[in-house]
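Now for the letters of each chain:
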Amino acid sequence: MEYYTKQKAEVLKALATDETQGLSPEAVKSLQEQFGANKLSEKKKKTTLERFAGQFKDAMILILIAAAIVSFVIACIEGNPKEFFEPALIILIVVLNAIMGVMQESKAEKALDALKSMSAPHARVIRSGKEEVIDASELVPGDIIKLEAGDFIPADARLLHSVSLKSEESALTGESVPSEKDADAAIPDNAPLGDRANMIFSGCSVTYGTATAVVTSTGMDTQMGKIANLLEGENNAQTPLQQKLAQLGKYLGVLAIIACAVIFVVGLVNNISPIEIFMIAVSLAVSAIPEGLPAIVTIVLSIGVQRMVKRNALIRRLPAVETLGSASVICSDKTGTLTQNRMTLVKAYADGDSSESNIADNVSDSITKLLKYATLCCDGSVVFDGDEVKHIGDPTETAIVYASHKLGYTKEQLSQQFPRLAEIPFDSDRKLMTTVNKIDGKNIVIVKGAFDVMAKRCVSGDIAKAKEITERMSRDALRVLAVAYKEIDSIPSEPAPDELENGLTFMGLVGMIDPPREEAKVAVATCKKAGIKPVMITGDHVVTASAIARELGILEDGDMAITGTELDAMTDREFDEVITKISVYARVSPENKIRIVKAWQRRDQVVAMTGDGVNDAPALKAADIGCAMGITGTDVAKGAADMTLTDDNFATIVDAVREGRGIYANIKKVVGFLLGTNIGEVVSVFLAMILWHKTLFLSMQLLWINLVTDSLPAIALGMEAVESDVMDKKPKPKNEGIFAQGLGIRVVLQGFMFAMLSLIAFVIGDEYVGLEGGQTMAFMTLALSQVIQAFNMRSAHSLFKTGFFTNKTLNGAVLVSVVLMLLVLFTPIGIAFGLVILPAKLYLIALGLILVPLVVMELSKMIYHLIKK
């Protein structure tokens, strides 16, 4: 059925629904069974088998398998059963490595799937006569939905009522300009999609106005669903850090191949078996290249993101986690983010009164009338669920509605008694909202908004007195809204601000308070300690904003508080000179927000910016970290942001920065650990071949070390708790590389330390027992000293301060690694690895060598902190 050609009544009848009551629970259940979830078909996920096969696409792994096959063929030709051990063991280790890779991939995918489900869009729907908010996936044809500016449209729908509605439909039509919509438009058959003015479409967004509509199609039956196979899914692009590490892996690969070539030549010259030296060279190349590093970083990032979710910060893009660690400026909205978002109407002033009145006291008839008019000019509503009061919509509006409710006048009763005939929705340019209501048989225009804008439009009332009251309320940190009205003869067919919002009679003022969050005060102090500048950006009066900012500690002596108008009067050069002194911006426009972001970015600062409205989307995109509000934020703002604050709390941003710093620090630990140990393997094998023309390790020994003592401890290191002093440091510079602050030098030095320990162990074992003894000593020393190193890498502080066993995940990983090592060292399994049982004193010497990294790292940490002091 082509719903756009039909009258509203026909559409409702065809869909068996009612405009005011919506669908019943029974009807919803039946339709959900018939049409399924309101979702587009997702890209088919890889099966476990496909993931497993994908682990063998790496060139080095393929070379290793080829080497094992060659070794197997040689074993068959020679007919020696012992020769079968090596290729079988290599294949076993490669398969185990692949299984671990599949497990890692699955864990990362589950974490990301959990995040996707948490960020699923919602819809306002009327069911059984009640308005409720549900997951958009639960919508069915026939549902009555309500939309306003900033909402994503959750399904294709036929408009029933619309007020100044515009929809951004570029995803479907390619038109960059929002399409004007009209519920009463008559549309001919076969009209193009872009001309269907009485329809709205899934995946698009409302840029202006309000609407009520009936859902006509869901899921793959929507216009977006019909072309879903042409749309690209979300790509799994690597983060900048992962790209750098992948590039680093390639460089290391080249170096490893050069080293292998030299080893191969030296081995041949010294009459070492070609197959043996080939296997050593290939094994060394595979173990030296940290091919798993980008994957491990993904796991660390996704685990960190999950930890952020528990702190009410929902990360939408993984690169944002890296950026968070560098945040140096946080530009935050005031209302609901720095304050409690519990707007309470505490004072009111009616024109003609001597002063403002406390709402808690008995109110006069004039103030009662003022609140009734203000409530009629509100879209927000208050819903009671038992003892719980739910505020739906703008907090300032719900404060008015709730105050009126407490006086005995509910919004529903008022709306029925004095029906709304027309409206002009609020927007940030006009700073006004207007409705036309039928009151006592007259057409009354009610205008609500900022006093400074309203004052210019009033022709009646004591404006001078009202200005005095407004300033007094503002000094008390109250948010003040003005209410005015006028009578008109007829309702204009297309309500226009110039026509309805002039020639008004001033009616009065309402003053609301939204107290600062206690946790925001602590968070602001934490910011300053961490070298992060907190900045308040608000649409409130500069006096109100300054009072709250001073109480929170954002505005201090010597800091400036300016208005958007004052900002507009500055040139970029003038602004750049004073930006570091400005802590409060009041009465700002969305354009001002973008300018503030770019000015800080010109100073190479990393800026986090909060926002909740459609107009905030450009600023959220321009910021290094866009933070959308999860409660009051529009779908468009959430779509533009990198992070959503599910509790709309400033403290959550600071917690997220803390977690971001912790995650980045953990990634550095993982990188340092893996590269240090890999360098140790390459250098030790290379030097042994050059100096003594001997193979320090057999191929399966190197692979075993790579499997057992690298991956497990590395992942566990990435789960290290955020260190307590992470917010005592300045933010890292924007373009600082991961090897900055001496990490690169430390990694190389640690690699040489492992190489020296392995070579010393080999020399001792070779002298006492022979070549196999030397290899056993080197194998045991390198593998277990790497396990010790995992503990060393946990913190820049002494292990005696952080505690040896406080990371339970690492304890488990190390226990597994040690048990597996003991199995190959002291059971017959070791024969397959070319290992032998050593004299007791050699094990004691090996233990001493294994503990050397602990002593060296503790001394280096102590010296570092002494120099730092």
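Residues numbered from 1 in each chain as written. Predicted model: local features only at pLDDT ≥ 70, side-chain atom pairs only at ≥ 80, totals over all residues. Heavy atoms only, no water.

Peer 1: I'd like to hear about the overall build of the chain, residue by residue, with values.
Peer 2: Broken down by element type, the chain carries 33 helices and 25 strands. Burial status across the chain gives 53% buried among its 869 residues. Looking at the chain alone, contacts between residues at least 24 apart form 71% of all its contacts between residues at least 6 apart. (Helix = DSSP H or I, 4+ residues; strand = E, 2+ residues; numbered from the N terminus. Buried < 20%, exposed > 50% of the residue type's maximum accessible area, 1.4 Å probe, protein only. Contact = heavy atoms within 4.5 Å.)

Peer 1: Describe the pattern of salt bridges, naming the residues involved and giving the relevant values.
Peer 2: Applying the stated criterion across every chain yields a total of 31 salt bridges. The partner of Arg 430 in a salt bridge is Glu 501, with the nearest N and O atoms 2.6 Å apart. A residue pair is termed long-range when its members are at least 10 positions apart, and Arg 430 in the loop between β14 (420-427) and β15 (432-439) and Glu 501 in the loop between α17 (497-500) and β19 (504-513) qualify at 71 residues. In terms of burial, Arg 430 and Glu 501 fall into one category: buried. Taken together, the shared-partner salt bridges connect Arg 124, Glu 131, Lys 146 and Glu 148 into one network. (Salt bridge = Lys/Arg side-chain N within 4 Å of Asp/Glu carboxyl O.)

Peer 1: Any chance you could break down the nonpolar core for me, citing the residues and the numbers?
Peer 2: If you look at the biggest cluster of nonpolar residues, it comprises 127 residues, and the most contacted ones within it are Ile 330, Met 536, Met 643, Phe 650, Phe 779 and Met 780. Of the residues forming this core, the biggest block, 18 residues, is contributed by helix α25 (residues 650-692). With 33 residues, the next largest nonpolar core counts Tyr 3, Ile 145, Ala 183 and Cys 204 among its residues. (Core = buried A, V, L, I, M, F, W, Y, C linked by side-chain atoms within 4.5 Å.)

Peer 1: I'd like to hear about helix α27 (residues 743-768), residue by residue, with values.
Peer 2: Its 26 residues give α27 an end-to-end C-alpha distance of 38 Å, which sits within 8% of 38 Å, the value for a rise of 1.5 Å per residue. Gly 770, located one to two residues past α27, shows a positive phi value of around 115°. (Expected span 1.5 Å × (residues − 1).)

Peer 1: Tell me about the confidence of the model for the chain, residues and numbers included.
Peer 2: Across the chain, the average pLDDT comes to 85, with 90% of residues at or above 70. Counting interchain partners and residues more than four positions distant, the pLDDT-below-50 stretch residues 229-237 has three contacts. (pLDDT = per-residue confidence, 0-100.)

Peer 1: Describe the sheet that holds strand β25 (residues 643-645), listing the residues and the values that go with them.
Peer 2: One open sheet accounts for eight strands, arranged β8-β25-β24-β23-β9-β20-β22-β21; its pairing is mixed. Either end of the sheet is taken by a strand with one partner, and the two such strands are β8 (313-315) and β21 (560-563). Adjacent strand axes in the sheet meet at a mean angle of 20°, parallel and antiparallel pairs treated alike. In this structure, strand β23 (residues 607-611) lies alongside strand β24 (residues 625-629), joined through four bridges in parallel fashion. Note that in β24 the partner of Thr 610 across the bridge is Cys 627. (Pairing = 2+ DSSP bridges. Axes fitted to C-alpha atoms, helices over the stretch in contact; angles between N-to-C directions.)

Peer 1: Lay out the pairing of strand β12 (residues 381-385) with the relevant residues and their values.
Peer 2: Bridge count for β12 against strand β13 (residues 388-392) is five bridges, and the pairing is antiparallel. Within β13, the position partnered with Val 383 by the bridge is Lys 390. Hairpin remark: β12 followed by β13, antiparallel, with two residues in the connecting loop; positive phi at Gly 386, about 70°.

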